[in-house]
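Take a look at the letters that make up each chain.
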Amino acid sequence: MQKKLFPASELLHCLGILGGTLLYSLGMNLFVVPAGLYTGGIMGLSQLLRTFLLRATGWTPAIDIAGLINYAINLPMLLLAWRRLDHRVVFKTLLSVTSTTVFLSLVPRTGILGGDKLAECLIGGMLCGCGIGITLWMGGTTGGMDVIGMMLLKKGSHTSIGHVNLIWNLVLYAICAAAFSLSTAIYSILFSFVSTTAMDKLHMQNINVEVTVVTKVLSPEMEHEILVDLHRGITRYEGVGEYTGQPVHIFYILVTKYEISRLRAIVCKHDPHAFIVAKDGAVVYGNYKRKI
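Any chance you could explain the overall build of the protein chain here in plain terms?
A tally of regular secondary structure across the protein chain gives 10 helices and four strands. Seen in sequence order, the protein chain has helices and strands lined up from the N terminus as α-α-α-α-α-α-α-α-β-α-β-β-α-β. Here the protein chain, with 292 residues, has 42% of them falling under the buried criterion. For the protein chain, contacts bridging at least 24 residues in sequence account for 74% of all contacts bridging at least 6.

Which parts of the structure should I look at to understand unusual backbone geometry?
Glycine aside, the phi torsion of most residues is negative, and most peptide linkages are trans. Residues other than glycine seldom take positive phi values, yet His 231 does so here, at roughly 60 degrees. Note that His 231 resides in the loop between α9 (220-229) and β2 (235-240). By relative accessible area, which is 39% here, His 231 ends up partly exposed.

Just checking my understanding: could you explain the pairing of strand β3 (residues 247-256) for this structure?
The side chains of a regular strand alternate between both faces of the sheet. With eight of its 10 residues buried, β3 lies for the most part within the structure. With eight bridges joining them, strand β1 (residues 208-215) and β3 adopt antiparallel strand pairing. Counted as the bridge partner of Val 214 is Ile 250 from β3. Hairpin remark: β2 followed by β3, antiparallel, with six residues in the connecting loop; positive phi at Gly 245, about 75 degrees.

Help me understand the environment of Leu 79 in this model?
Among the secondary structure elements, Leu 79 is positioned in helix α3 (residues 66-82). Its relative accessible area of 65% is what places Leu 79 among the exposed residues. Sequence-wise, Leu 79 and Leu 94 are 15 residues apart; in three dimensions their C-alpha atoms are separated by 9.8 Å.

Got a minute to help me understand the nonpolar core in this structure?
Formed by 14 residues in total, the largest nonpolar core has its most connected members in Tyr 24, Met 28, Val 32, Leu 37, Met 43, Cys 128 and Phe 191. Elements supplying a minimum of two residues to this core: α1 (8-32), α5 (117-137) and α8 (182-202). Residue contributions to this core peak at four residues, all from α5. The residues touching Met 28, leaving out its near neighbours within four places in the chain, are Val 33, Pro 34, Thr 39, Met 43, Gln 47, Leu 104 and Cys 128.

Help me out: how do you make sense of the side chain of Asn 169 in this one?
Inspection of the secondary structure puts Asn 169 in helix α7 (residues 161-179). You can call Asn 169 buried: its relative accessible area is 14%. With sequence-adjacent residues up to four places away left out, Asn 169 is seen in contact with Gly 40 and Gly 41.

Looking at this structure, how should I read the sheet that holds β2?
For sheets, the rule is that strands pair by backbone hydrogen bonds, running either parallel or antiparallel. Pairing is antiparallel in the open sheet, where four strands are placed in the order β2-β3-β1-β4. Whereas interior strands pair on both sides, the edge strands pair on one side only; in this sheet they are β2 and β4 (275-280). Shown here is a sheet whose adjacent strand axes are inclined to one another by a mean of 20 degrees, direction ignored. Pairing of β2 with β3, which is carried by six bridges, proceeds in the antiparallel orientation. If you follow Val 240 over to β3, its bridge partner there is Pro 247.

Whenever I open this one, the state of the cysteines confuses me. Can you help?
Two cysteines joined by a covalent bond between their sulfur atoms form a disulfide. The full count for this structure, using the stated rule, is zero disulfides. Cys 130 takes part in no disulfide bond, and the closest cysteine sulfur to it belongs to Cys 128, at a distance of 9.5 Å.

How should the side chain of Ser 219 be read in this particular structure?
Mapped onto the elements of the fold, Ser 219 is located in the loop between β1 and α9. A polar atom in the side chain of Ser 219 sits 3.1 Å from the backbone nitrogen of Met 222.

Even after reading the chapter, I still don't get the pattern of salt bridges, so can you show me in this structure?
Side chains that carry opposite charge are capable of pairing whenever their charged atoms lie near each other. Here the structure, examined in full by the defined rule, presents five salt bridges. A salt bridge links Lys 92 to Glu 10, with the shortest nitrogen-to-oxygen separation between them at 2.9 Å. With Lys 92 in helix α4 (residues 87-106) and Glu 10 in helix α1, this residue pair connects regions lying 82 residues apart in the sequence. One salt-bridge network, in which partners are shared between bridges, spans Glu 223, Arg 236 and Glu 238.

How should the packing of aromatic side chains be read in this particular structure?
For any two aromatic rings, the description comes down to two numbers: the centre-to-centre distance and the angle of the planes. Considering all chains together, one arrives at two aromatic pairs under this definition. Judged by centre distance (5.1 Å) and plane angle (10 degrees), the ring pair of Tyr 38 and Phe 180 falls under stacked. You can see Tyr 38 sitting in the loop between α1 and α2 (41-57) and its partner Phe 180 sitting in the loop between α7 and α8, a full 142 residues away along the chain. You can call Tyr 38 buried: its relative accessible area is 6%. Both rings, one in Phe 52 and one in Phe 180, keep their centres 6.0 Å apart while their planes meet at 20 degrees; by these two values the pair is stacked. Taken together, the residues span a long stretch of sequence, with Phe 52 in helix α2 and Phe 180 in the loop between α7 and α8 at a distance of 128 residues. A network of ring pairs unites the aromatic residues Tyr 38, Phe 52 and Phe 180 as a single cluster.

Here is what the cut-offs are and how they apply
Residues numbered from 1 in each chain as written. Predicted model: local features only at pLDDT ≥ 70, side-chain atom pairs only at ≥ 80, totals over all residues. Heavy atoms only, no water. Helix = DSSP H or I, 4+ residues; strand = E, 2+ residues; numbered from the N terminus. Buried < 20%, exposed > 50% of the residue type's maximum accessible area, 1.4 Å probe, protein only. Contact = heavy atoms within 4.5 Å. Pairing = 2+ DSSP bridges. Core = buried A, V, L, I, M, F, W, Y, C linked by side-chain atoms within 4.5 Å. Axes fitted to C-alpha atoms, helices over the stretch in contact; angles between N-to-C directions. Disulfide = S-S within 2.5 Å. Polar contact = N/O pair within 3.5 Å; in protein donor to acceptor, adjacent residues only side chain to side chain. Salt bridge = Lys/Arg side-chain N within 4 Å of Asp/Glu carboxyl O. Phe/Tyr/Trp six-rings, centres within 6.5 Å; stacked < 30°, edge-to-face > 60°.

Function cannot be inferred from these measures alone, as they are strictly geometric.
Written as structure tokens, this is what we have:
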């Protein structure tokens, strides 16, 4: 049977991305923008450019043009990434950036906490972080520095996406402190910390897991699904069950925490009685495919 061009799971992922970007936009326009805070990454740069532009021209647009500036900066990056990265990731990133721009234009910029800057910082950080985490969970990215970091990883660079974002944000918040006030920079850094923490709670791709599968069934189909569909390598060796004295096949596999449920479904489909052990927090060196 031929695979569907657009399976139901991918449609659910796209709907999840739309939900994540809506949550992010609510956090931005209801809490972050009214508090005068600046996010990190390309969106933070877009906010800075928006502020400088409006101050220089005296223009007062009906919508926050930071989303449009963010979109304009991301488009060339995505065109470049289309030739270098997985097309599904690029498409989902384009969907994320486009929907974020639309939602930022539709959600009113209205402070609902009466100017409580600390509360706006904390709640806005949680909403934005959860929105980004959901987007990453669904296999997309928010664009900007994530796309740059992925292309660096693709070229074999040892610089992680986290390091790229950290260096960029340090420069960004230094500009905030110099151009506006130290208070603005400090609250923006606090927002970034809360947002990143919330994002990490939802995004599990960066947690490596060691999985040992003990099975009596040697299935080429199961191995093919793990190697080709899950895109993970397998180390196989033979053993003997001490209690039964029967031969067993042992598979050692490294996956991310997000992939555990998929791996378990593949194994149980071919051997419902397989023994599976998973251990979080593996530190991996060498030829291991890191995913965002």
